[in-house]
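This is what each chain is made of:
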Amino acid sequence: GWGLIFAALLWFGVWLATFEYLVQAILSGNISLPSVLHGRIPDNFSRDASNNEHWQTMVLGLELWLQSPVLGVGLGVFHAKSPMWLGHPQVIHNTPLWILTEFGLVGAAIFGWAFFLLAHYAIPFGRTQPARRILLLLLVAFVIFSLVHEIFYQRIFWLVLGAVLARPFSSKTQA
């Protein structure tokens, strides 16, 4: 119950902040009211150049993977070559493609097996331990987020994963 109340308040806060932004943009003349009513709100968070670079990293990553599909090109090769291609160091904005590019099919199979083991641990039927539910939600978030960003560089993912896996099974010791 408290979780639902907290989620509703959080959602309301985000909605209120967005509403305030839209009202200020309309009053300042940056956005017209008809464009807001028709759902055409300019996206100030991701410009075309950023989107193009995002896609370019994936195309270049795929081209590198095709050069060595079984073992990959090696850890850090894309990051080392990216200044030559993009003008600055960059990562591939897709974790599965990054793993394929730098570790090949062999590395992807190892990562896939580790992911399977974590999911297998998180999904046993009849278990309602919060740590396992958190792990399952973390894996779902990882899958979704990793399609548009390199999540292995995100420390929060590793901190939460470590905390969930390190949690002692107090339900066994308290019985």
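Cut-offs used in this document
- Residues numbered from 1 in each chain as written.
- Predicted model: local features only at pLDDT ≥ 70, side-chain atom pairs only at ≥ 80, totals over all residues.
- Heavy atoms only, no water.
- Core = buried A, V, L, I, M, F, W, Y, C linked by side-chain atoms within 4.5 Å.
- Buried < 20%, exposed > 50% of the residue type's maximum accessible area, 1.4 Å probe, protein only.
- Helix = DSSP H or I, 4+ residues; strand = E, 2+ residues; numbered from the N terminus.
- Contact = heavy atoms within 4.5 Å.
- Phe/Tyr/Trp six-rings, centres within 6.5 Å; stacked < 30°, edge-to-face > 60°.
- Lys NZ or Arg CZ within 6 Å of the ring centre and 35° of its normal.
- Expected span 1.5 Å × (residues − 1).
- Bend = angle between axes of the 7 residues up to and from the residue.
- Polar contact = N/O pair within 3.5 Å; in protein donor to acceptor, adjacent residues only side chain to side chain.
- Patch = residues over 30% accessible without salt bridge, like charges linked within 9 Å, V, L, I, M, F, W, Y side chains within 5 Å.
- Areas by Shrake-Rupley, 256 points an atom, 1.4 Å probe, with all protein chains shown as cover.
- Salt bridge = Lys/Arg side-chain N within 4 Å of Asp/Glu carboxyl O.
- pLDDT = per-residue confidence, 0-100.
- Axes fitted to C-alpha atoms, helices over the stretch in contact; angles between N-to-C directions.
- Parallel < 35°, antiparallel > 145°, perpendicular 65-115°, else oblique.
- Left-handed = near helix turned anticlockwise from the far one by under 90°.
- Nonpolar A, V, L, I, M, F, W, Y, C, P; charged D, E, K, R; others polar.
- Arc of directions from axis to C-beta.

Counting residues in hydrophobic clusters, the biggest one holds 21 residues, and the most contacted among them are Ile 92, Leu 135, Phe 152 and Phe 157. Taken together, the elements giving at least two residues each to this core come down to helix H3 (48-67), helix H4 (77-86), helix H5 (95-122), helix H6 (130-146) and helix H7 (155-166). Ignoring anything within four residues of it in the chain, the contact list for Phe 157 reads Leu 138, Phe 142, Ile 151 and Phe 152.

Glancing now at the packing of aromatic side chains. The final tally for this structure, using the stated rule, is 11 aromatic pairs. Centroid distance Phe 103 to Phe 111: 5.6 Å. Interplanar angle 50°. Geometry classified as tilted. A relative accessible area of 31% places Phe 111 in the partly exposed class. A centroid spacing of 6.1 Å and a plane angle of 35° characterise the contact between Phe 115 and Phe 142, whose relative ring orientation is tilted. Remark: Phe 142 occurs in helix H6 and Phe 115 occurs in helix H5; sequence separation between them is 27 residues. Assessed through its relative accessible area of 28%, Phe 115 is described here as partly exposed. With relative accessibility at 11%, the residue Phe 142 sits in the buried group. Cluster of aromatic residues (ring-pair linked, three or more members): Trp 98, Phe 103, Phe 111, Phe 115, Phe 142, Phe 152, Phe 157 and Trp 158. The ring of Tyr 121 has Arg 132 lying over it, and the distance from NZ or CZ to the ring centre is 4.2 Å.

Right, let's talk about the side chain of Asn 94 for a bit. Looking at the element boundaries, Asn 94 is found in the loop between H4 and H5. For Asn 94, a relative accessible area of 13% translates into the label buried.

The next subject is H5. Its 28 residues give H5 an end-to-end C-alpha distance of only 21 Å, which falls more than 12% under 40 Å, the value for a rise of 1.5 Å per residue. The sharpest bend along H5 comes to roughly 125°, located at Phe 103. Near the N-terminus of H5, the side chain that reaches the backbone nitrogen of Leu 97, with its oxygen 3.1 Å away, is that of Asn 94.

In this section: a nonpolar patch on the surface. A surface patch of nonpolar side chains, amounting to about 480 Å² of accessible area, comprises Val 70, Leu 71, Leu 105, Val 106 and Ile 110. Within the secondary structure, Val 106 sits in helix H5. Taking relative accessible area as the criterion, Val 106 reaches 41% and is therefore assigned partly exposed.

Moving on, we come to the confidence of the model for the chain. Fine structural detail should not be taken from predicted coordinates in areas where pLDDT scores are low. Residues at a pLDDT of 70 or more form 75% of the chain, whose mean pLDDT is 79. The low-confidence segment residues 36-41, where pLDDT is below 50, has 8 contacts with residues more than four positions distant or belonging to other chains.

Glancing now at the packing of H6 against H7. Relative orientation of the contacting elements H6 and H7 amounts to 155°, with a least axis distance of 9 Å. By the angle between their directions, the pair H6 and H7 is classed as roughly antiparallel. Seen from above, H6 lies across H7 with left-handed handedness. Along its contact with H6, which presents Ala 131, Ile 134, Leu 135, Leu 138 and Phe 142, the element H7 presents Phe 157, Val 160, Leu 161, Val 164 and Leu 165. Residues that form the contact of H6 with H7 fall into these classes: 10 nonpolar, no polar and no charged.

This paragraph deals with the environment of Val 59. By the secondary structure assignment, Val 59 is in helix H3. Taking the C-alpha atoms as reference points, Val 59 and Leu 97, separated by 38 residues in sequence, lie 9.7 Å from one another.

Listed as buried for H4 are Phe 78, Ser 82 and Leu 86. Looking straight down H4, one finds its buried side chains confined to an arc of 50°; they lie on one side. Facing away from the buried surface of H4 by more than 90 degrees, the exposed residues are Ala 80 and Met 84.

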